[in-house]
Every structure is written in C-alpha cells, then in structure tokens.
Amino acid sequence: MISAYYYNLLILIGINIILALGLNLITGYTGQLSLGHAAFMSVGGYASGILTVKTGIPFLPALVIGALVAAALGFLVGLPTLRLRGDYLAIATLGFGEILRVTFLNLEITGGPFGLRGLAKETNGLIVFIATVIALVVIWSLINSRVGRAMIAIREDEVAAEAMGINTTRYKVLAFVVGAFFAGIAGGLYAHWFRYLNPASFGFMKSIEILCMVVLGGLGSTTGAVVGAATLTYAPEFLRSFFPVISEYRMLFYGALLVVLMLLRPQGIMGTSEFSPLKVYHWIRSRQGVKTTVGSDS
Amino acid sequence: MPLLEIKNLTMRFGGLTAVKNLTMTVEEGEIRSLIGPNGAGKTTVFNVLTGIYQPSKGNAFFQGREICSLRPYQVTSIGITRTFQNIRLFGNMTVLDNILIGMHTRTRSELLASVLKVRATRTEEAEARDQARELLQFVGLAGKEQELARNLPYGQQRRLEIARALGADPKLLLLDEPAAGMNPQETSDLMELITTIRAMGRTILLIEHDMKVVMNISDRVAVLDYGEKIADSTPQEVQKDEKVVKAYLGEG
C-alpha cells in the first residue's frame, strides 16, 4: 500500500484534474477566459456539504446535487456575462468569484468565517478515481462531437462560427455549465475529504492556480490538462521532499518553475495536441532510424 | 417573387452613410453581381444581409421573409451563407472539421447525445463526414481532409471557404471577392466552380473586383458608388454606362 502522504496527494491530483478539465473546456476549447472557476468549486462543496451535514442526504446524491447547483449557477452567470468578450469577461468572472466568496463568508448556513465543519470523510481514492475517469470520458467525447466542434470554432473565429449557423451564446453558456458542473463535483469531493470548508480556500488565487494548470498543460489539450494538474499539484511537494535545503523557499522555486516553463514552452507542455501511445511508439521508432509504414503527423 | 429583395436599405455609421437607400433584387437561379470602387459599401450590404449589422433604415426579404431582425446564425439556418473578403477559416482545425462546422445547421446532435454517443449520433456523424468528403472533392480539395486549414495555400483556402459555406446547403450563396489574390489560372477555375454551383440550383450574389469574372459569369450587375446604386443592368449595358465609367476612372 502507498503511504497516507501519497494517498492524499493522489486524491488532490484527481480533484485538480477534474477542475482543470472543466476550465479547459471553457478557456482552452471555447476560448472564454474565466477567472472565477474556484467559485463553482466552492458552490459544489458548500451545497453538498450542507446537504450531508444538515439534512442527512447520503454523500453520492449530495455530490451530484451540489454539482447541479454549480451548473445552474454557471448558467445564470454565463447568460449575461458571456456576451462580454476577452478582458471584460475575465473581469466579470473575477468579480463573480469574489462576490460568492464574500457571500459564503457572511452566510450563517455556511458557518461564515469559521467555515463549515463536521463533514464526514466520505471521499476516498476509488470515488475520486471514478469521478476523474468520468470527467475525462465526458469531456473527451464532447470535444470530439458536433457540440465540441462548435465550441472550438467559437475559439478560432467567433464571427465565422456565427456565420456558419452556430448560436455562439448558447454554446458558450453550455461550456460554462459543463465546466461548472465538474467544478461542483471537484468541490464536493474536496469538502468530504478535508471535512472542512472555508471561503478563503476558494478565492482568486485558487482560480488562478487552476488556470495555471490549464495553461501549463496546454490550452485546448485534454491530456494537457491532466498533465498540467498533476505537475502543478506535485511540484510544491516535490520541491519540499527532494530538496530539503530549499523547502522554506519552495513557493519561490514553484513560481520560478512556472516562469521557466512558460518561457520554454509558451503553448504549454502539450500545446493543442494530445498524448497518444501510438505517437510515442512512432516517435521512438523514428529515433531509432526505423522507417514506419504508418506516418505520424509530426 | 424574387428570392431576395432589398428595399430602401440605408446603413449609417455615425456621420458616414455606407449604404444609401439601396433597392435591388436577386432572382432565383441567377448569378447576381454587386460591384463598385473600394469603399462603395458592398461588404456592408453583405454584413446587413447576414445579420452582423442592423440597418439604419429599410429592410431585406428572403423568400418573402424579413431577415434584418435575425441574428447571423439564424440567417444561415434559413438558407443564406457567405464567405468573407479576408478569409476567415478555422485555422487550427482540419479541413474536414471546417466543412463539418459548415454543416452545423444540418446536423442535430446535442450535449447528451454527443456525450453518450448514441446510435443516431454515430450515424449522423458518419453521414456528415461522407458528405463533407464529397464537398471537398467537388471543390478540388480531396485528400486534404486532415491538413490544418491554415497550412493550405491561399487559393485552396478560398475554395475551402466556399465548400464550408456550401456545407449548410444554402439556397443563396454570398461570395465576397472570391477571386481576390488569385492568379489567372485559379481565377478561371473559380469561374467554372461558381457556374457549376449555380447549375446545381443555387443562387449566387457576388461581390468582385475582377471584371473578367464579373462580366463573364454574371446575369445582372448592380454598381455601387459611395453607397448609392448608380447602375443596375446586364454586364454589357453596365460596361457602357457613363456613370459607371466615371466612378471607376474618374472624369476625363
């Protein structure tokens, strides 16, 4: 068995992958810069947490209801704000995230600044694993469908997409709703793992952290979002455990790592391409000087 | 009843009147051209017809239906599609995907069906791909399916834009300077393509600067100058029209 330390780390990685996948759909594929993704996570967390603690609804239904509440909020926020473009949308989502944080800070039902306590430890590795796989499969099928094509078209050229008969507002809102739904799932899993929720955990910095994962992995690459989330979750821990000398300055190195990675690969680790074992195989073969019959595209 | 009827259309941007009281018709099955010197307001007419701009005054009717209050995606769904003067392909997507997006209004799969990959979705997707390949063959881009649109040479990008517009199965196709930047060979291929598209039963409204194209394939030509229509007749008549010659060459 793996140690509790790594078990905890893997669960965090899973939760962050789900968050990154959702934001990648919104920002990476549909091209709508959102700086409030953590807010949807907090909604899922608080909604499912309040349900299990105050009403005694079992964990799994509460998790799904929490995600649906987050999705509904995504719809309500997306409808007016997604008419904005670029920087304006970013500011609006940032404002929305802060409004929600302050709201949770002042509500009684959320425990205000003391946070929501008394949650049962319902989340485990298996549930996180299943949720991560479901998120991956859903996002993957979505991207490779008519709906996903419409979303990517919006990112590529919104005017042309609209001219091709795509109701751009509708698909932007749809991306927001699906992204918010998965953020809600991630929030519910997070809540029932740490058994404590505090509004401060879901501020602007958390949204930026998720955005960093997506950008680092490669905007518009599903496998990139996975790689980005895993890397950025593990990096601070790696710096702590393998370089004890610098452990006190690890966040400094973490920041430097981000800067260096972005300088070396501004398009992200994966760019917009996807990781596939077949490509790796062809790449290795071509390195060995063996001619492959099936050409890879690189 | 004409297929498209533009009535007293005026488009103002602040103090600038880009199109002034334009009335013109497009009959079903014709190749209709709209020409004029740079800045005459031709593209503005397209932008009004496709719902990008709301006209300041006047209206346009497609098969008797008022279209100026429609959003761009709704205009496409009733049977009007366009190409752009500055090519606007989805550059980072494959050639095939560009066509499939053009077919958006003819396919139905929504969120749940797409995620669950139900049988109807898979059938629809397979059929759409077949039709998209046929369209690529039609415009002479067979074999380019998996290339990224931005990697195509210029002339092929223009053709891909036309194929993408045809993907929506439009009754009326608006072409905004399709011959711009093409060499003589590409231009003559393009003329052939346009006449073939008309022969398939589609109507074409064409903006073009290349007079060889306009005069050779148009049935009727309208001439805009500073937003006003100064001539509207057959290509032969228009070429002889004094006002047209003056607009293009200035006064001697």
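Refer to the preceding data block for the structure.
Since the model is a prediction, treat every value here as computed from it, not as a measurement.

## What about the overall build of chain A?
Then, in step 1: Along chain A, the regular secondary structure elements total 12 helices and zero strands.
Then, in step 2: Reading the helices (α) and strands (β) of chain A from amino to carboxyl end gives α-α-α-α-α-α-α-α-α-α-α-α.
Then, in step 3: Radius of gyration (C-alpha) of chain A: 20 Å, near the 19 Å computed for a compact globule of 298 residues.
Then, in step 4: For chain A, the spread of C-alpha atoms along the principal axes amounts to about 65 × 55 × 35 Å.
Then, in step 5: Restricting the contact set of chain A to residue pairs at least 6 apart, pairs at least 24 apart contribute 77%.
Then, in step 6: When the accessible surface of chain A is totalled, it reaches about 13,500 Å², and 70% of it is carbon and sulfur.
Then, in step 7: Of note, chain A has its 20 positive side-chain charges centred 6 Å away from the centre of its 13 negative side-chain charges.

## What to know about the overall build of chain B
Then, in step 1: For chain B, the count of helices and strands is 10 helices and 10 strands.
Then, in step 2: Taken against the 2.2 N^0.38 rule, which gives 18 Å for 252 residues, the C-alpha radius of gyration of chain B at 19 Å falls within 12% of a compact globule.
Then, in step 3: Along the three orthogonal principal directions, the C-alpha set of chain B runs to about 65 × 40 × 35 Å.
Then, in step 4: Within chain B, buried positions represent 52% of all 252 residues.
Then, in step 5: Partitioning the intrachain contacts of chain B with sequence separation of at least 6 by distance along the chain shows that 68% fall at a separation of at least 24.
Then, in step 6: As displayed, chain B has an accessible area near 11,200 Å², and 48% of this comes from carbon and sulfur atoms.
Then, in step 7: Between the centroid of the 31 positive side chains of chain B and the centroid of its 31 negative side chains there is a distance of 5 Å.

## A few points about a nonpolar patch on the surface
All names here are of chain A.
Then, in step 1: There is a patch of nonpolar side chains on the surface, built from I2, Y5, Y6, L10, F238, F242 and F243 and spanning about 660 Å² of accessible area.
Then, in step 2: When contributions to the nonpolar patch are tallied by element, the ones reaching two or more residues are helix 1 (4-29) and helix 10 (222-242).
Then, in step 3: Per element, the largest residue contribution to the nonpolar patch is three residues, and it comes from helix 1.
Then, in step 4: Structurally, L10 is set in helix 1.

## Some points on the pattern of salt bridges
Then, in step 1: Enumeration over the complete set of coordinates arrives at 21 salt bridges over all chains.
Then, in step 2: A salt bridge links E156(A) to R155(A), with the shortest nitrogen-to-oxygen separation between them at 3.3 Å.
Then, in step 3: On the basis of relative accessibility, which here comes to 26%, the residue R155(A) falls in the partly exposed class.
Then, in step 4: Residues R82(B) and D176(B) are paired through a salt bridge, measuring 3.9 Å at the closest nitrogen-oxygen approach. Pair noted here: R82(B) is in strand 6 (residues 80-82) and D176(B) is in strand 7 (residues 172-176), with a separation of 94 residues, a long-range link. Taken individually, R82(B) and D176(B) each receive the classification buried, so the pair is uniform in this respect.

## Digging into the packing of helix 5 (residues 125-143) of chain A against helix 8 (residues 168-194) of chain A
Residues and elements named next belong to chain A.
Then, in step 1: Direction vectors running N to C along helix 5 and helix 8 enclose 175°, while the axes themselves pass 11 Å from each other. Judged by the angle between their axes, helix 5 and helix 8 are roughly antiparallel. Between helix 5 and helix 8, the residues in contact are I127, V128, A131, A135, V138, I139 and L142 and V178, F182, I185 and L189, respectively.

## Quick word on the sheet that holds strand 6 of chain B
All names here are of chain B.
Then, in step 1: What the six strands build is an open sheet, ordered 6-7-8-3-9-10; its pairing is mixed. Here the strands that pair on one side only, and so sit at the sheet edges, are strand 6 and strand 10 (228-233). On average, each strand axis in the sheet is tilted by 15° relative to the strand beside it, whichever way the strands run.
Then, in step 2: Bridge analysis of strand 7 against strand 8 (residues 203-207) gives five bridges, and the strand direction is parallel. Residue L172 lies in a different strand from strand 8, and its bridge partner there is T203.

## Brief notes about the sheet that holds strand 4 (residues 57-62) of chain B
Residue and element names in this part refer to chain B.
Then, in step 1: In spatial order, the strands read 2-1-4-5; together these four strands make up an open sheet with antiparallel pairing. Of all the strands in the sheet, just strand 2 (16-26) and strand 5 (65-66) have a single pairing partner and so form its edges.
Then, in step 2: Where strand 1 (residues 4-13) and strand 4 come together, five bridges link them in antiparallel fashion. For K7, the partnering residue across the bridge sits in strand 4 and is N59.
Then, in step 3: Along the sheet face, helix 1 (residues 42-49) touches strand 1, strand 2 and strand 4 and points at about 110° away from the line of strand 1.

## Focus: the packing of aromatic side chains
All names here are of chain A.
Then, in step 1: For the structure on display, the rule yields 11 aromatic pairs over all chains.
Then, in step 2: On the basis of an interplanar angle of 65° and a centroid distance of 6.4 Å, the ring pair of Y46 and F202 is categorised as edge-to-face. Here F202 lies in the loop between helix 8 and helix 9 (204-217) and Y46 lies in helix 2 (residues 37-55), a separation of 156 residues in the sequence.
Then, in step 3: You can call Y46 buried: its relative accessible area is 1%.
Then, in step 4: Their ring planes at 50° and their centres at 5.8 Å tell us that Y234 and F238 sit as a pair that is tilted. Of the two residues, Y234 and F238 are both situated in helix 10; the distance of four residues between them amounts to about one turn of the helix.

## Focus on unusual backbone geometry
All names here are of chain B.
Then, in step 1: Unusually for a residue other than glycine, D169 sits at a positive phi of about 55°.
Then, in step 2: Its location among the elements puts D169 in the loop between helix 6 (154-166) and strand 7.
Then, in step 3: Even without glycine at this site, Y226 takes up a positive phi of about 45°.
Then, in step 4: Relative accessible area serves as the criterion here: at 69%, Y226 is assigned to the exposed category.

## Section: the interface of chain A and chain B
Then, in step 1: Taken together, the 28 residues of chain A in the interface contact 31 residues of chain B.
Then, in step 2: With both sides pooled, the region where chain A packs onto chain B buries about 2,600 Å², and carbon together with sulfur makes up 59% of that total.
Then, in step 3: Of all residues in chain A, R146(A), R149(A) and M164(A) bury the most surface against chain B, accounting for 32% of the area lost on that side.
Then, in step 4: The tally of links from chain A across to chain B stands at five salt bridges.
Then, in step 5: Two residues, E125(B) and R149(A), come together in a salt bridge whose shortest N-O distance is 2.6 Å.
Then, in step 6: Our enumeration of links across chain A and chain B arrives at 18 residue pairs in polar contact (both at pLDDT 80 or more).

## Quick look at the side chain of N16(A)
Residues and elements named next belong to chain A.
Then, in step 1: Along the chain, N16 turns up in helix 1.
Then, in step 2: A polar contact of 3.0 Å, which involves the side chain of N16, links it to the side chain of T233.
Then, in step 3: When near neighbours in sequence (up to four residues on either side) are disregarded, N16 contacts K206, E209, M213, A229 and T233.

## Notes on helix 6 (residues 146-156) of chain A
Then, in step 1: Counting buried positions along helix 6 of chain A yields nine of 11 residues, so the element is predominantly enclosed.
Then, in step 2: Its side-chain oxygen 3.2 Å from the backbone nitrogen of V147(A), S145(A) forms the N-cap of helix 6 of chain A.

Criteria and thresholds
Residues numbered from 1 in each chain as written. Chains lettered and ligands numbered in written order. Predicted model: local features only at pLDDT ≥ 70, side-chain atom pairs only at ≥ 80, totals over all residues. Heavy atoms only, no water. Helix = DSSP H or I, 4+ residues; strand = E, 2+ residues; numbered from the N terminus. Rg over C-alpha atoms; globule rule 2.2 N^0.38 Å. Contact = heavy atoms within 4.5 Å. Areas by Shrake-Rupley, 256 points an atom, 1.4 Å probe, with all protein chains shown as cover. Lys, Arg positive; Asp, Glu negative; His and termini not counted. Charge placed at Lys NZ, Arg CZ, Asp CG, Glu CD. Buried < 20%, exposed > 50% of the residue type's maximum accessible area, 1.4 Å probe, protein only. Patch = residues over 30% accessible without salt bridge, like charges linked within 9 Å, V, L, I, M, F, W, Y side chains within 5 Å. Salt bridge = Lys/Arg side-chain N within 4 Å of Asp/Glu carboxyl O. Axes fitted to C-alpha atoms, helices over the stretch in contact; angles between N-to-C directions. Parallel < 35°, antiparallel > 145°, perpendicular 65-115°, else oblique. Pairing = 2+ DSSP bridges. Phe/Tyr/Trp six-rings, centres within 6.5 Å; stacked < 30°, edge-to-face > 60°. Buried area = accessible area lost by both parts, 1.4 Å probe. Polar contact = N/O pair within 3.5 Å; in protein donor to acceptor, adjacent residues only side chain to side chain.

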